[in-house]
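Residue-level structural notes
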Amino acid sequence: MRQLSLADISIILVEPSDTQRKIIIKKLADENVMHVEAVGTVAEAVVAINNNPPDLIVSAMYFEDGTGQDILKQVKSHSELAKIPFMLVSSENRQEKLEEFKQAGVAAILPKPFSTQNLTNALHASLALINADELELELFDVAEVRVLLVDDSKMARNHIRRVLNSLGLQKIMEAENGAEALTLLKDHMFDLVFTDYNMPEMDGRELSEFIRFNPDTAHIPIIMVTSESSTSLHMANIHQTGINALCNKPFELQEVRRMIISLLGH
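Here goes a summary of the coordinates provided. This structure is a prediction, so every number in the text was calculated from the model and none was measured. The residue count restarts for each chain, going from 1 along the sequence in the order it is written. Whole-chain, interface and lining totals are the exception, using all residues; otherwise, since this is a predicted model, local features are given only for residues with pLDDT of at least 70 and side-chain atom pairs are given and counted only at 80 or more. Side-chain measures were taken over the full set of non-hydrogen atoms in the model, leaving aside hydrogen atoms and water.

Examining helix α7 (residues 178-187)
Threshold: Using a 1.4 Å probe on the protein chains alone, a residue whose accessible area is under 20% of its type maximum counts as buried, one over 50% counts as exposed, and one in between counts as partly exposed. We count a stretch as a helix when DSSP gives it H or I for four or more residues in a row; a strand needs E for two or more, and each element gets its number in order from the N terminus. Regarding the arc, it is the one traced by the directions from the helix axis to the C-beta atoms. Two residues form a contact once any of their heavy atoms are found within 4.5 Å. Whenever two N or O atoms come within 3.5 Å, that pair is a polar contact, provided that in protein one can donate a hydrogen and the other can accept it, and provided that, for residues adjacent in sequence, both atoms are side-chain atoms.
Of the residues making up α7, those classed as buried are Gly178, Ala181, Leu182, Leu184 and Leu185. Taken down its axis, α7 places every buried residue within 165 degrees of arc, on the same side. With respect to the buried face of α7, the exposed residues turned more than 90 degrees away are Lys186 and Asp187. Buried residues along α7 sit against β8 (146-150), β9 (171-175) and α8 (204-213). Measuring from the side-chain oxygen of the N-cap residue of α7 to the backbone nitrogen of Ala179 gives 3.0 Å; that N-cap residue is Asn177.

This is the structure in structure tokens:
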């Protein structure tokens, strides 16, 4: 499959402000992105996305007729559109508001105003999702790698599954929390565990401790995916539970690729 460049990709930009639309389009052009369709409402965005699915959606958070979350949910609930990367551009800094987008699996979150470097990083993270190549592992057939995916958010699980599928990992079992994951671990063998941190009943820390200190599962590599600040006290100590890698939401595909190769390649 031909790899797309920034000059090749098509974008639907959803921004209610005429001025902001012009600014963003200009900044995209500076990055050699020329195929941009701009709309100003949630309703217009839904019509545009369905009529002419883009390679990337770039959206503000708040509109007169809804929010960027409404657009994101519409896209992620449609099997043919769910793989389209979604980039949020917003001045919102309340973590509880941004958390909704992180859990849904956005490709990137850009602040307003954003720097050229912010945009460059976000575009390349999105491009990596668009151009995802299957992993090559020396010791495993990637299609046979058995993955346990644990997250209480269905949207988050769907996003992570799509990313893993794009890398060639097909044997994926899901659990909504650590307690459900334990049942699967008792009945099935796994080569890799992806787990969220914050979950009801049993969180990712408790699950990781069980995996690491149980002789039957102690060998399984654990990647923890979290939207928690890596500088917080409990995150600073989380490696004591025996996780092998910590991946932030939203995560970059290339980062996940490097982690898996590092953990399964030796």
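Some thoughts on the sheet that holds strand β6 (residues 86-90)
This is how the line gets drawn: For two strands to count as paired, DSSP must find a minimum of two bridges between them. With axes taken as lines fitted to C-alpha atoms, and helix axes fitted only over the stretch in contact, angles between N-to-C directions fall between 0 and 180 degrees.
The parallel open sheet is built from five strands, whose spatial order is β2-β1-β3-β6-β7. Each edge of the open sheet carries a strand with a single partner, namely β2 (35-39) and β7 (108-111). The average undirected angle you get between the axes of adjacent strands in this sheet is 20 degrees. Seen against the sheet, helix α1 (residues 18-30) touches β1 (10-14), β2 and β6 and runs at an angle of roughly 170 degrees to β2.

Details of the sheet that holds β9
Think of a sheet as strands paired side by side through backbone hydrogen bonds, with each pair either parallel or antiparallel. Taken in spatial order, the five strands make up an open sheet running β9-β8-β10-β11-β12, and their pairing is parallel. Two strands bound the open sheet, and with one partner strand each, they are β9 and β12 (245-248). Across the sheet, the mean angle from the axis of one strand to that of its neighbour is 20 degrees, orientation sign disregarded. Sheet topology places strand β10 (residues 192-196) next to strand β11 (residues 222-226); four bridges connect them, and they run parallel. Opposite Thr195, over in β11, you have Met224 as the bridge partner. Its contacts with the sheet put helix α6 (residues 154-166) on β8, β9, β10 and β11, and the angle it makes with β9 is roughly 170 degrees.

A look at the packing of α7 against α8
For any two helices packed against each other, one specifies the inter-axial angle together with the distance between the axes. Under the convention used in this document: Comment on the angle field: the value is read as roughly parallel under 35 degrees, roughly antiparallel over 145, roughly perpendicular from 65 to 115, and oblique elsewhere. Crossing handedness: left-handed means the near helix sits turned counterclockwise from the far one by under a right angle, and right-handed means the same turn made clockwise. Residue polarity is assigned by list, with Asp, Glu, Lys and Arg as charged and Ala, Val, Leu, Ile, Met, Phe, Trp, Tyr, Cys and Pro as nonpolar; anything else, Gly included, falls into the polar class.
The geometry of α7 relative to α8 is characterised by a closest axis approach of 9 Å and an angle of 25 degrees between their N-to-C directions. Overall, the two elements α7 and α8 adopt an arrangement that is roughly parallel. In terms of crossing hand, the pair formed by α7 and α8 is right-handed. Contact residues: Gly178, Ala181, Leu182 and Leu185 in α7; Leu207, Phe210 and Ile211 in α8. In the contact of α7 with α8, the residues fall into six nonpolar, one polar and no charged.

Remarks on the nonpolar core
As a reminder of what qualifies: As used in this record, nonpolar core signifies buried Ala, Val, Leu, Ile, Met, Phe, Trp, Tyr and Cys residues forming a set joined through side-chain atoms within 4.5 Å.
In terms of nonpolar packing, the biggest core is built from 25 residues, with Val147, Leu164, Leu169, Phe194, Ile223, Val256 and Ile260 touching the most fellow members. Elements supplying a minimum of two residues to this core: β8, α6, β10, β11, β12 and α10 (253-264). Excluding anything up to four places from it in sequence, Val147 contacts Leu164, Leu169, Lys171, Ile172, Met173, Phe190, Leu192 and Phe194. Within the second largest apolar cluster, 22 residues are counted, among which are Val42, Ala48, Val75 and Phe86.

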